[in-house]
Amino acid sequence: MSEYILEVNNLQKKFPIKGGILGREIGAVNAVNDVSFKIKRGETLGLVGESGCGKTTLGRSLLRLIEPTGGEIIFNGQNIRDFSSNEMREMRRKMQIIFQDPYASLNPRMTVGGILSEPMDIHKLFPGKEERRNRLYQLLDQVQLPKDALNKYPHEFSGGQRQRVCIARALAVEPDFIVCDEPVSALDVSVQAQVVNLLMDLQKELGLTYLFIAHDLKVVEYISNRVAVMYLGNVVEVAESSELYGGARHPYTKALFSAIPKPNPNIHMDRILLEGDIPSPMNPPSGCHFHPRCWNATDKCREVYPENTRESATHDYKCHNPINL
Amino acid sequence: MAEKILEVKDLVVEFKTDRGKITAVNGVSFEVFKGKTLGIVGESGSGKSVTALSIMRLIPSPPGNVAGGTIHYRGKNVLDIPLDQMRTIRGNKIAMIFQEPMTSLNPVFTVGNQIEEVFELHQPDLNNQQRSEKAIEMLKLVGIPSPESRVNEYPHQLSGGMRQRVMIAMSLACEPDILIADEPTTALDVTIQAQILELMNKLQVEMGMGIIMITHDLGVVAETCDDVAVMYCGQIVEQSDVKTLFNNPKHPYTKGLIDSIPSFDSTAGGARGRLPTIEGMVPSLFELPQGCNFQNRCKSVTEKCRGPHGEPKLVETKAGEFVRCFHPLT
């Protein structure tokens with residue numbers, strides 16, 4: 001078995017834009033544009049970026065919940081883009097996803113027991129009655145919910161508890177890899193820390209691999225071994241999370257870190273204030289997509305899209321004028 | 001000492017529900033000074049938005065009801081002002097920015113129309129020409145590029161950050177004394193959040209208004225506020241200036257909140273220790289425990305907290321520093 005559980009090569013997702021009276025394709029949104037990365041077994045890769053940068057589309061394309069339009073997804077050595085939908089369903093036993101909104105992703109008419117059983121029914125796991133019940137109790141125990149939760153409905157739980165149910169549902173089929181799509185963004189601060197701890201404990205206990213998507217850099221940096229920064233459909237920088245805070249080479253990464261309000265009134269940082277908004281992915285700027293907001297931009301940036309630069313074995317970035325350390 | 005423009009005293013707000021009466025705000029007191037920012041922090045359901053809405057007299061009644069306390073704006077109790085006269089204050093002297101810039105703008109009117117409406121209500125002697133000039137001026141003030149053309153656009157044509165700028169332009173149109181910002185940046189990305197906070201800061205320096213910043217983000221508090229009140233279950237549990245609050249939190253809840261934020265200075269990537277958390281969750285307002293509301297989640301809880309002595313009172317430990325706890329941290 002290779003060291004990498006997942007290898008993504010040049011993944012692309014274009015959404016067509018239809019228009020005119022004939023409904024012909026008049027353009028495309030490049031939501032994910034030539035993204036490549038690898039995830040090691042047992043590690044957490046963080047994925048950050050602002051809204052609309054394509055992080056959720058990327059997360060869903062990995063499970064082919066959204067069909068990618070190009071590239072390869074190699075999971076456990078097999079290119080799952082060639083799989084039929086039946087094979088893919090089988091494969092999703094090993095790859096699961098946790099969604100952002102624990103209010104919208106649980107069926108309000110099903111009990112927690114039903115919700116947790118469904119994935120096991122689909123994959124014909126733990127079929128015996130006794131076996132199934134023990135498994136359900138085990139799942140609840142893993143996410144620290146009481147046993148009597150089985151007969152309750154989602155509305156009887158708080159946001160943090162619902163997210164625990166979502167986590168238990170993902171764990172039910174014993175996956176190797178979980179895409180966590182903003183799992184803590186909708187939660188209150190004190191509950192957020194509980195869920196982050198739970199995810200980290202489960203990873204240790206079950207040897208899981210995570211792709212952790214969030215816009216909150218603080219959380220991502222905390223939970224991840226490595227972090228990938230996305231901007232307008234491209235990964236612009238990947239590095240070890242400890243390296244990224246002090247050693248960001250891409251100006252966008254630097255600006256993102258600098259924009260986070262620090263919960264410490266004693267230090268006053270000089271903030272890099274980015275001008276303007278994220279450009280539309282329908283009509284991205286020429287050259288480097290970040291150049292209209294970049295303070296280091298030169299003519300070259302306006303014309304040529306930067307190639308990947310390898311800083312070290314664990315640190316890549318795409319920039320013509322990286323920040324000097 | 002800056003001029004005191006708003007004084008809220010012992011505010012109590014109740015809501016009638018099918019399951020009985022709840023007290024969403026329970027004896028909240030604070031003051032707002034000219035040119036200063038007061039932060040109100042708390043988790044969802046702690047009563048921070050209800051507090052803001054009662055200052056604006058926007059609590060829907062029924063089911064809501066301001067059951068006690070006073071809100072003095074420049075010496076006048078706004079709770080005594082008849083609702084039709086309240087309009088001369090609301091939006092004019094005290095203005096508010098809401099969390100969702102998407103839902104708080106009217107989608108069928110241009111942003112220009114919506115800003116002009118403020119002038120129509122509060123400065124009726126302006127003519128059409130002057131109103132539209134002032135609307136453009138406001139958009140320029142909040143840093144919207146090419147305001148002359150933006151003024152004719154509809155909210156859906158603007159990005160989230162731009163819409164929030166329009167909301168700020170509307171709220172500042174009459175140069176209010178007090179600006180209540182209810183989670184103004186929660187729906188925005190960090191880079192846009194930084195722009196908006198910077199803008200509010202700049203406008204505060206220029207116009208000298210007092211700001212009430214309602215947020216759950218302690219980072220925003222640390223960067224923008226002069227004084228902070230921490231709310232839990234409808235009560236203020238700790239109140240002081242921002243430096244004291246972060247350097248020496250006295251209430252275990254405040255300390256827990258501060259500790260549970262991951263920080264960047266923590267070493268080694270990946271294999272980190274667990275985050276410090278506050279165990280359990282906020283109790284339902286229907287089932288508040290006897291004694292201290294925070295007892296079930298508190299690390300330093302004792303028998304005293306569980307009820308026999310009633311609930312802890314908000315005590316002034318030092319001038320301007322208040323804490324509601326039997327065993328404050330030192």
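Thresholds, definitions, all that
Per-chain numbering applies: the sequence of each chain, read as written, is numbered from 1 onward. Just so you know, chain letters begin at A and ligand numbers begin at 1, following the order they were written in. A pLDDT threshold of at least 70 governs which residues receive local features in this predicted model, and a stricter bar of 80 or more applies before side-chain atom pairs are shown or counted, although totals over entire chains, interfaces and linings include all residues. Numbering goes from the N terminus for both helices and strands, where a helix is a DSSP run of H or I of at least four residues and a strand is a run of E of at least two. The quantity called the radius of gyration is restricted to C-alpha atoms. Its globule counterpart is 2.2 Å times the number of residues to the power 0.38. Think of it as a crowd count around each C-beta: if 20 or more other C-beta atoms lie within 10 Å the residue is buried, if 12 or fewer it is exposed, and in between it is partly exposed, with C-beta placed from the backbone throughout. What counts as a contact is two residues whose backbone-derived C-beta atoms lie within 7 Å of each other. By the convention used here, strands pair only if DSSP detects at least 2 bridges between them. Where a domain begins and ends is set by an automatic assignment or by a domain database. Note on residue categories: nonpolar means Ala, Val, Leu, Ile, Met, Phe, Trp, Tyr, Cys or Pro, charged means Asp, Glu, Lys or Arg, and polar means any other residue, Gly included. Every axis corresponds to a line fitted to the C-alpha atoms, with the helix fit spanning only the stretch in contact, and the corresponding angles, defined between N-to-C directions, vary from 0 to 180 degrees. For this classification, under 35 degrees means roughly parallel, over 145 means roughly antiparallel, 65 to 115 means roughly perpendicular, and everything else is oblique. In this scheme the handedness of a crossing depends on how the near helix is turned from the far one: anticlockwise by less than a right angle means left-handed, clockwise means right-handed.

1. Description of the overall build of chain A
When helices and strands are counted, chain A shows 10 helices and 12 strands. In terms of overall dimensions, chain A is globule-like: its C-alpha atoms have a radius of gyration of 21 Å, near the 20 Å expected for 325 residues. Considering only C-alpha atoms, chain A reaches an extent of 70 × 60 × 45 Å along its principal axes. Residues classed as buried in chain A amount to 46% of the 325 residues present. Partitioning the intrachain contacts of chain A with sequence separation of at least 6 by distance along the chain shows that 64% fall at a separation of at least 24.

2. Side note on the pairing of strand β2 (residues 20-33) of chain B
In terms of strand pairing, strand β1 (residues 4-17) of chain B meets β2 of chain B through 11 bridges, oriented antiparallel. Residue pairing for β2 of chain B: Val13 of chain B is matched across the bridge by Val25 of chain B.

3. Section: the domain arrangement of chain A
Residues and elements named next belong to chain A. Domain annotation of chain A identifies domain 1 (4-19 + 26-94 + 175-317) and domain 2 (107-174). Between domain 1 and domain 2, the contact holds 11 residues from the first and 12 residues from the second. Ranked by the residues each element gives to the side of domain 1 that touches domain 2, the list is headed by helix α6 (residues 189-206), at 5 residues. The residue makeup of the side of domain 1 that touches domain 2, split by class, is 9 nonpolar, 1 polar and 1 charged.

4. Some words on the interface of chain B and chain A
If you look at the interface, chain B gives 38 residues, while chain A gives 38 residues. Of all the secondary structure elements, the ones that give two or more residues to the side of chain B that touches chain A are α7 (190-207), α8 (218-224), α9 (242-247) and α10 (252-259) of chain B. Looking at the side of chain B that touches chain A element by element, the count peaks at 7 residues for α7 of chain B. By residue class, the composition of the side of chain B that touches chain A is 17 nonpolar, 13 polar and 8 charged.

5. Quick word on the sheet that holds strand β3 (residues 37-41) of chain B
Residues and elements named next belong to chain B. Judged by pairing direction, the sheet is mixed, and its 8 strands sit side by side in the order β6-β7-β8-β3-β9-β10-β12-β11 without closing on themselves. Every interior strand has two partners, whereas the edge strands, β6 (94-97) and β11 (315-318), have only one. Across the sheet, the mean angle from the axis of one strand to that of its neighbour is 20°, orientation sign disregarded.

6. A closer look at the packing of helix α3 (residues 112-122) of chain A against helix α4 (residues 129-142) of chain A
The angle between the axes and the distance between the axes are what describe a pair of packed helices. Residue and element names in this part refer to chain A. Relative orientation of the contacting elements α3 and α4 amounts to 115°, with a least axis distance of 11 Å. With respect to α4, the axis of α3 lies roughly perpendicular. As α3 runs across α4, the sense of the crossing is right-handed. Residue-level contacts link Gly113, Leu116, Ser117 and Met120 of α3 to Arg132, Leu136 and Leu139 of α4. The residue inventory of the contact of α3 with α4, partitioned by class, reads 4 nonpolar, 2 polar and 1 charged.

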